[in-house]
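# Descriptive analysis of the structure
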Amino acid sequence: MIIKTQQKLRTIVISILLMLVLAVTGCVGNSSNTNASANILNVNNSSEPGSLHPAKAQGTHESWPLRHLFVGLTMVGPNGKVVPGAAKNWDISSDRKTYIFHLREGQKWSNGDPVTAQDFEFAWKHVLNPATASTYAYQLYYIEGAQAYNESKEKDVGKLKALADKVGVKALDKQTLEVRLVNPTAYFDQLVSFYTYYPVDKNVQESNPKWANDAAAFISNGPFRLTEWKHKRDLKMVKNENYFEKDKIKLAGINWAMVEGENTAWQMYRAGKLDLALPLPGDVVGQLKSQKAKDFKIAPEFSTYFYRFNTTKKPFTNAKIRTALAMAIDRATITEHIAQGGQKPAYALVAEGARDANGKEDFRTVGGAYFTENVEQAKRLLAEGLREEGLTSMPKFNIMYNTLDLHKRIAEAIAGMWKQNLGIDVGLENTEFKVKIDREHKLDYSVSRSGWVADFSDPMTFLDMFTSASTQNDTGWKNKQYDAKINIAKQSSNPVIRMKAMHEAEAILMKDMPIIPIYFYTKPYAIKQNISGVYTPADEYPVLMYANIM
Amino acid sequence: MVRYTLQRLGWALFTLWIVITITFILMRLIPGDPFSSEGKMPPGVYENIKAYYHLDRPVVVQYFEYLGSLLTLDFGPSLKSDSITVNDYIRDGFPISLHLGLQALVIGVTFGVIFGVIAALYHNRWPDYVSMILAIIGISVPNFILATVMIQYVAVEWGWLPPATWETWQHTILPSIALALMPLAFIARLMRASMLEVLRQEYIKTAKAKGLTQTIIIMKHTIRNAILPVVTMLSVIAANLVTGSFVIEHIFGIPGMGEMFVKGIFNRDYPVILGSTVFYSAILIFLILLVDLAYTWIDPRITVTGESR
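This is a predicted model, so every value here is computed, not measured.

Another point: a nonpolar patch on the surface. Together, B:Trp11, B:Phe14, B:Trp17, B:Ile18, B:Ile22, B:Ile25, B:Leu26 and B:Leu29 make up an exposed nonpolar region whose accessible area comes to about 830 Å². Its location among the elements puts B:Ile18 in helix H1 (residues 2-29).

Encoded structure:
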């Protein structure tokens, strides 16, 4: 009887296991990309966009989809140069402070409304309205009256409107937009390609202020239009048949996943659920690079990884000590063996990605390196610096970094290099990102890991961060000469004078060394080989609008 | 009974208020700011944003405003997202976390009981060893490792199931299994021990002596009695599964509440932190209240004042 029961049980167990296997195998699907024939591209936006309203968007998770939904007056083209967008051309006054943009005729919003200069004027003033609370409103501060309007505490509607009327943007007619600037801004034609400068359909905004939160109500003027937005799941967009350049758009649509985990997204790419994987996990980058994988690309990125000094804290008050520490880091070891994404060792602040005065050479190429790695010289400088500070040895200090394995490994390596090369004891201090920012603002640190991703392709995006008045300086370093150079560059309309002033400013910064440049970032990514037409400007995520799936 | 119920309800609400207050205070004590970043935001822009979210008002005012909005079940906006409110987050995310948790619970209980029964019936023989080795693996291997291995092989290498996201029922299988592993192993061990104890009881021998078949003895007398400790533990296991799937949700890119809570903390998104804490606290406090009330109904020896006779 017992044997019989055991046999029965065994049969039951085997049946259950078999059913489980069948259940699992029964769901076998085609793991390859089923959207290829439909010409729909699958990418991962990594996270839910906080907002898809141009006035409220901030950061990559918003800007990447927005780049495909809207087009500004200009855009950055495949060759990295500014090309006409919604504007067919523009005139600049002789003092370079007034721009007249001429819009393309016959442009339409995705709902068929005409795109007018009034939409641009309305959108920009909407960004600047204090009640909108736009994070990136300051990107429009180049425009006359913009800062005064945005920072106004005025509660009286009439007086606030008077301030809005003083903002230097005006639709002269349906096709013409006049913009008056505070200073000649050499990169203004590129600034207007930034998403905060995108237009908004005035009629739609006024009739439904929540239009940007709902795919059914979403109206855009770019190559694609939004058709579906499942929060925290995905965004779907299809080709906008009203786009002025629609004949160049080959894709039928783009699906954007919102998978946070880099590893998970990479596995989705491998399983054929994504056509493009960005960002890639660090170890995967190293692996793909060493394998010379055909679907692996390294695109330039206009951003820099650096360490900040708290220059108000002894002995970091001494420039020789700061320079000694900068010179005693072997950057090639960090880029080749730790970061592994094709990053370039940095010996200056401004990354590669901005053209110099001649419009051909890169600002970095012209400026070159400001220091070299030299352990013997670092030792000498450290000894001199310590003597000047009345110290016999370097006191122990910490490198503060925010929680990320890569930052930790880099900090460990740098601490090891300083120990080996200069005999300095350095501790590591891991903090959560917001705590790090808070402590940087309060100058409650010794050395802190930092990074800066450019907003636009001009060296100014890096350099004005370290002026005495900057709220993001966070080093305690102030230098009048530096401020003066930045001022010259900001007020000059002559590209030669501008670039010269910025090179001189960078030289001052690198002589005083309130920051240590470590490396210039890159954008390593993987893209399926049957996809063509994707391009990657240095200050943007890959542009997919001209992509095609073979 | 009515008085007791009202009294317990009052305590539940008081507990919830304590949780809200402590969370509110702790949140404001964490260094960092919801809008701070490595960006260049000028002070004027920062002030506009603070005014927009009423964060420029005194903290005490903010506290009472928040309590006021809770009375209307409004959890407020997300400070990081203009497109979605905390209510939206909960409405969209909780059903998914609940689905995942319940599915994992069903897998964990079903297979845990089966493995436990098999292990006990084949005590000290190979099915017992296999079940218990699996149980030990289940307890000692963290679920995120199992999840990663499953994605690597089941989804990517073999292509049997989708690797991540939450769309069709196929997408739910791997995360549910990964989440179920630990409770499955725990239940298997519990069930085995309980079964072995029951099998040694006198009434089982009596049942055998009466000539009952082995199947009837196992199904009617053994499993039924042995499963009681598992049932007792179910509420704890269920609460852990429904609220504890943060890591699995992250690995599988599941848009549940876990990810929202964790990101809320990193972003200092005060309404999101408060909303998720209050929501989960309310559920747990309500469940505890329900269990307490159920006890008085099931076991008359427990008086309405909560004291045993």
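Okay, back to it.
Further remarks concern the sheet that holds strand S5 (residues 98-103) of chain A. Sheet strands line up and pair through hydrogen bonds in the backbone, either parallel or antiparallel. Residues and elements named next belong to chain A. Across the sheet, which stays open at both edges, the four strands sit in the order S4-S5-S7-S6 with antiparallel pairing between neighbours. The sheet is open, and its two edges are formed by strand S4 (87-92) and strand S6 (169-173), each paired on a single side. The average undirected angle you get between the axes of adjacent strands in this sheet is 20 degrees. Bridging between S4 and S5 involves five bridges; their strand directions are antiparallel. In the strand pairing of S5, tryptophan 90 is matched with phenylalanine 101. Taken strand by strand, helix H3 (residues 117-128) contacts S5, S6 and strand S7 (176-180), and its axis lies near 165 degrees from that of S6.

For helix H8 (residues 262-270) of chain A, the set of buried residues is A:Thr264, A:Ala265, A:Trp266, A:Gln267, A:Met268 and A:Tyr269. Residues of H8(A) that are buried make contact with strand S1 (40-44), strand S11 (276-277), helix H9 (282-291) and strand S17 (515-527) of chain A together with helix H6 (143-157) and helix H11 (246-251) of chain B. Where H8(A) terminates, the next one or two residues include A:Gly272, which has phi positive at roughly 85 degrees.

On the chain B side, the residues contacting the 66 residues of chain A number 63 residues. With both sides pooled, the region where chain A packs onto chain B buries about 5,400 Å², and carbon together with sulfur makes up 60% of that total. In this assembly, chain A and chain B are joined by four salt bridges. Between chain A and chain B we count 18 residue pairs in polar contact (both at pLDDT 80 or more) in total. Counting residues per element, the ones that place at least two in the side of chain A that touches chain B are helix H1 (2-25), H8, helix H15 (433-441), strand S16 (447-453) and helix H16 (460-463) of chain A. Examining the composition of the side of chain A that touches chain B, we find that twelve residues originate from one element, H1(A), more than from any other. Class assignment of the residues belonging to the side of chain A that touches chain B gives a composition of 27 nonpolar, 22 polar and 17 charged.

This paragraph deals with the pairing of S1(A). Residues and elements named next belong to chain A. The buried fraction of S1 is high, at five of five residues. Pairing of S1 with strand S10 (residues 253-257), which is carried by five bridges, proceeds in the parallel orientation. When the sheet's bridge partners are listed, asparagine 42 is paired in S10 with asparagine 255.

What follows concerns the packing of aromatic side chains. All names here are of chain B. As enumerated under the stated definition, the model contains 44 aromatic pairs over all chains in all. Where phenylalanine 14 meets tryptophan 17, the ring centres are 5.8 Å apart and the plane angle is 40 degrees; that geometry is what we call tilted. Of this pair, phenylalanine 14 and tryptophan 17 are both found in helix H1, three residues apart, which corresponds to roughly one turn of the helix. The lysine or arginine in question, arginine 28, covers the ring of tyrosine 270, its NZ or CZ lying 4.3 Å from the ring centre.

Quick look at the pattern of salt bridges now. All names here are of chain A. Summed over all chains, the structure comprises 39 salt bridges over all chains. When the shortest N-O distance is used, the salt bridge between glutamate 352 and lysine 344 registers 3.2 Å. Look at glutamate 352 and you get partly exposed, because its relative accessible area is 33%. With a relative accessible area of 41%, lysine 344 lands in the partly exposed category. Between glutamate 504 and lysine 500 there is a salt bridge whose closest N-O contact spans 3.0 Å. Here the residue glutamate 504 and the residue lysine 500 both occupy positions in helix H18 (residues 495-512), the gap between them amounting to four residues, near one helical turn. By sharing partners, the salt bridges in this structure join Glu228, Lys230, Asp234 and Lys236 into a single network.

Quick look at unusual backbone geometry now. Residues and elements named next belong to chain A. The omega torsion of the bond from leucine 278 to proline 279 falls at -5 degrees, within 30 degrees of zero and hence cis. Tracing the backbone shows proline 279 in the loop between S11 and H9. Here the residue pair lysine 314 and proline 315 is connected by a cis peptide bond, since its omega of 0 degrees sits within 30 degrees of zero. In this fold, proline 315 is placed in the loop between strand S12 (296-309) and helix H10 (319-327). Of note, the phi angle at asparagine 39 is positive, near 60 degrees, even though the residue is not glycine. Unlike most non-glycine residues, lysine 232 shows phi in positive territory, near 65 degrees. Position of lysine 232 relative to the elements: it lies in the loop between strand S8 (224-230) and strand S9 (234-239). In this structure lysine 232 comes out as buried when scored by relative accessible area, which is 15%.

A separate point is the nonpolar core. Most often, soluble globular proteins have nonpolar side chains that are buried together. Membership of the largest hydrophobic core comes to 188 residues, with the highest contact counts inside it found for A:Trp124, A:Tyr307, A:Leu325 and A:Trp418. Not counting the four nearest positions on each side in its chain, A:Trp124 is found in contact with A:Leu73, A:Leu140, A:Ile143, A:Val169, A:Leu177, A:Val179, A:Val192, A:Thr196, A:Tyr197 and A:Tyr198.

Glancing now at the confidence of the model for chain B. For chain B, per-residue confidence averages 87 on the pLDDT scale, and residues scoring 70 or more make up 95% of the total. The complex model carries a pTM of 0.87, and its ipTM stands at 0.86.

Calculation rules
- Residues numbered from 1 in each chain as written.
- Chains lettered and ligands numbered in written order.
- Predicted model: local features only at pLDDT ≥ 70, side-chain atom pairs only at ≥ 80, totals over all residues.
- Heavy atoms only, no water.
- Patch = residues over 30% accessible without salt bridge, like charges linked within 9 Å, V, L, I, M, F, W, Y side chains within 5 Å.
- Areas by Shrake-Rupley, 256 points an atom, 1.4 Å probe, with all protein chains shown as cover.
- Salt bridge = Lys/Arg side-chain N within 4 Å of Asp/Glu carboxyl O.
- Helix = DSSP H or I, 4+ residues; strand = E, 2+ residues; numbered from the N terminus.
- Pairing = 2+ DSSP bridges.
- Axes fitted to C-alpha atoms, helices over the stretch in contact; angles between N-to-C directions.
- Contact = heavy atoms within 4.5 Å.
- Buried < 20%, exposed > 50% of the residue type's maximum accessible area, 1.4 Å probe, protein only.
- Buried area = accessible area lost by both parts, 1.4 Å probe.
- Polar contact = N/O pair within 3.5 Å; in protein donor to acceptor, adjacent residues only side chain to side chain.
- Nonpolar A, V, L, I, M, F, W, Y, C, P; charged D, E, K, R; others polar.
- Phe/Tyr/Trp six-rings, centres within 6.5 Å; stacked < 30°, edge-to-face > 60°.
- Lys NZ or Arg CZ within 6 Å of the ring centre and 35° of its normal.
- Core = buried A, V, L, I, M, F, W, Y, C linked by side-chain atoms within 4.5 Å.
- pLDDT = per-residue confidence, 0-100.

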